[in-house]
Amino acid sequence: MTEDVRDSLIPYDEIVQDALRAVVGRVLRQIEGYDSLPGEHHFYITFKTQAPGVDIPAHLIAKFPDEMTIVLQNRFWDLKVGEDLFSVGLSFNQTPSILTIPYAAITAFVDPSVDFGLQFQVSDDGVEPEPHDEADNDRPDVTTEDGTNVVTVDFGKKR
């Protein structure tokens, strides 16, 4: 196999990223109208707080200027799932907040209860996201497992 990487005129990486983000929307649509997840399911959703279209309270942007992880499990409300984004109500230090998050801002979606995860790239700068703090929304303690079913899409664009 050759090490030469040809430039593609078809943006395969973008197409795959969009398709996998649609998976997130489809999963969220399954629970729309509920205020807790069935069984042991719980979702960790990591997103870029400054990405276009993200609408979260200013105190959360101040605390998480780059990236934030939220948990959907037992305490959320008013989940609305759109074609390009979702919004959800969550409590942070007993303060209710509505967050609007475009799928394009999501960097990771994980359901550790079934060992499932997706990772995405938001920027095209080739820099991996910095490690972030544990999810900060009010939730019961949950134990996470290192998943082996995490799908990472990185086609390593030639520069």
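Heads up: these notes are all about the structure in this document. In this text the structure is predicted, and so the values were computed from the model without any measurement.

**Quick notes on the overall build of the protein**
Part 1 of the reasoning: On a plain count of helices and strands, the protein comes out with two helices and eight strands.
Part 2 of the reasoning: Residues classed as buried in the protein amount to 38% of the 159 residues present.
Part 3 of the reasoning: Long-range contacts, defined as pairs at least 24 residues apart, comprise 64% of the intrachain contacts of the protein with a sequence gap of at least 6.
Part 4 of the reasoning: Carbon and sulfur atoms form 51% of the exposed surface of the protein, whose accessible area is close to 9900 Å².

**Describing the packing of aromatic side chains**
Part 1 of the reasoning: Scanning the entire structure with this criterion turns up two aromatic pairs.
Part 2 of the reasoning: With centroids separated by 5.0 Å and ring planes inclined at 45°, the aromatic side chains of Phe 43 and Phe 109 adopt a geometry described as tilted. Taken together, the positions of Phe 43 in strand S1 (residues 43–48) and Phe 109 in strand S6 (residues 106–111) put the pair 66 residues apart, joining distant regions of the chain.

**Points about the pairing of S1**
Part 1 of the reasoning: S1 sits mainly inside the fold: six of its six residues count as buried.
Part 2 of the reasoning: Side chains of S1 alternate between two faces, with Phe 43, Ile 45 and Phe 47 and Tyr 44, Thr 46 and Lys 48 buried alike.
Part 3 of the reasoning: Pairing between S1 and strand S2 (residues 67–72): six bridges, direction antiparallel. By the bridge assignment, Phe 43 is partnered in S2 with Leu 72.
Part 4 of the reasoning: Alignment of S1 against S6, held across four bridges, turns out to be antiparallel. Counted as the bridge partner of Thr 46 is Ala 108 from S6.

**Concerning helix H1 (residues 12–31)**
Part 1 of the reasoning: If you check H1, its first and last C-alpha atoms are 30 Å apart, about what 20 residues at 1.5 Å a residue would give, namely 28 Å.
Part 2 of the reasoning: Every buried residue belonging to H1 is among Asp 13, Gln 17, Leu 20, Arg 21, Val 24, Gly 25, Leu 28 and Ile 31, and all of these are buried. Down the axis of H1, the sector holding all buried residues measures 155°, keeping them to one side. The exposed set on the far side of H1, more than 90 degrees from its buried face, consists of Asp 18, Arg 26 and Gln 30.
Part 3 of the reasoning: Immediately downstream of H1, the backbone of Gly 33 shows phi near 95°, a positive value.

**Structural notes on the side chain of Gln 17**
Part 1 of the reasoning: Secondary-structure assignment places Gln 17 in helix H1.
Part 2 of the reasoning: The exposure class of Gln 17 is buried, given its relative accessible area of 8%.
Part 3 of the reasoning: At 3.3 Å, the side chain of Gln 17 and the backbone nitrogen of Gln 121 are in polar contact.

**Concerning the sheet that holds strand S3 (residues 77–81)**
Part 1 of the reasoning: Reading across the sheet, the three strands line up as S3-S4-S5 and stay open at both edges, with antiparallel pairing between neighbours. Two strands lie at the open edges of the sheet, namely S3 and strand S5 (95–102), each paired on one side alone. Put simply, the sheet's adjacent strands are angled 20° from each other on average, direction ignored.
Part 2 of the reasoning: Bridge count for S3 against strand S4 (residues 85–92) is three bridges, and the pairing is antiparallel. Note that in S4 the partner of Trp 77 across the bridge is Gly 89.
Part 3 of the reasoning: This element, H1, spans S3 and S4 of the sheet and lies at about 140° to S3.

**Overview of the nonpolar core**
Part 1 of the reasoning: Residues Leu 28, Ile 45, Phe 47, Ile 70 and Phe 86 are the most contacted members of the largest nonpolar core, which totals 31 residues.
Part 2 of the reasoning: For this core, the secondary structure elements donating two or more residues are H1, S1, S2, S3, S4, S5 and S6.

Reading guide: rules and limits
- Throughout, a residue's number is its position along its own chain's written sequence, starting from 1.
- Local features in this predicted model are restricted to residues whose pLDDT is 70 or higher, and side-chain atom pairs enter the listing and the counts only when it is 80 or higher, whereas totals over whole chains, interfaces and linings include all residues.
- Hydrogens are left out, water is left out, and the side-chain values use all remaining heavy atoms of the structure.
- The helix and strand labels rest on DSSP assignments: H or I over at least four residues marks a helix, E over at least two residues marks a strand, and numbering proceeds from the N terminus.
- Partly exposed describes any residue whose relative accessible area lies between the buried limit of under 20% and the exposed limit of over 50%, with all areas from a 1.4 Å probe on protein chains only and scaled to the type maximum.
- Here, residues are in contact when the closest pair of their heavy atoms is within 4.5 Å.
- Per-residue and other accessible areas follow the Shrake-Rupley method at a 1.4 Å probe size, with only the shown protein chains counted as cover for residues.
- Any Phe, Tyr or Trp ring, taking Trp's six-membered ring, that has another such ring centre within 6.5 Å forms a pair; planes under 30 degrees apart are called stacked, those over 60 apart edge-to-face, and the others tilted.
- Two strands qualify as a pair provided DSSP detects at least 2 bridges between them.
- Each helix should span, by expectation, one fewer than its residue count multiplied by 1.5 Å.
- Working note: the arc is built from the helix axis to C-beta atom directions.
- Polar contact is defined as a pair of N or O atoms within 3.5 Å, subject to the rule that within protein one atom must be able to donate a hydrogen and the other to accept it, and that residues adjacent in sequence are counted only when both atoms are side-chain atoms.
- Note on geometry: axes are C-alpha line fits, over the in-contact stretch for helices, and angles between N-to-C directions span 0 to 180 degrees.
- Only buried residues count toward a nonpolar core. Its members are Ala, Val, Leu, Ile, Met, Phe, Trp, Tyr and Cys residues joined through side-chain atoms within 4.5 Å.

Note that all results are geometric; they support no functional claim without further evidence.
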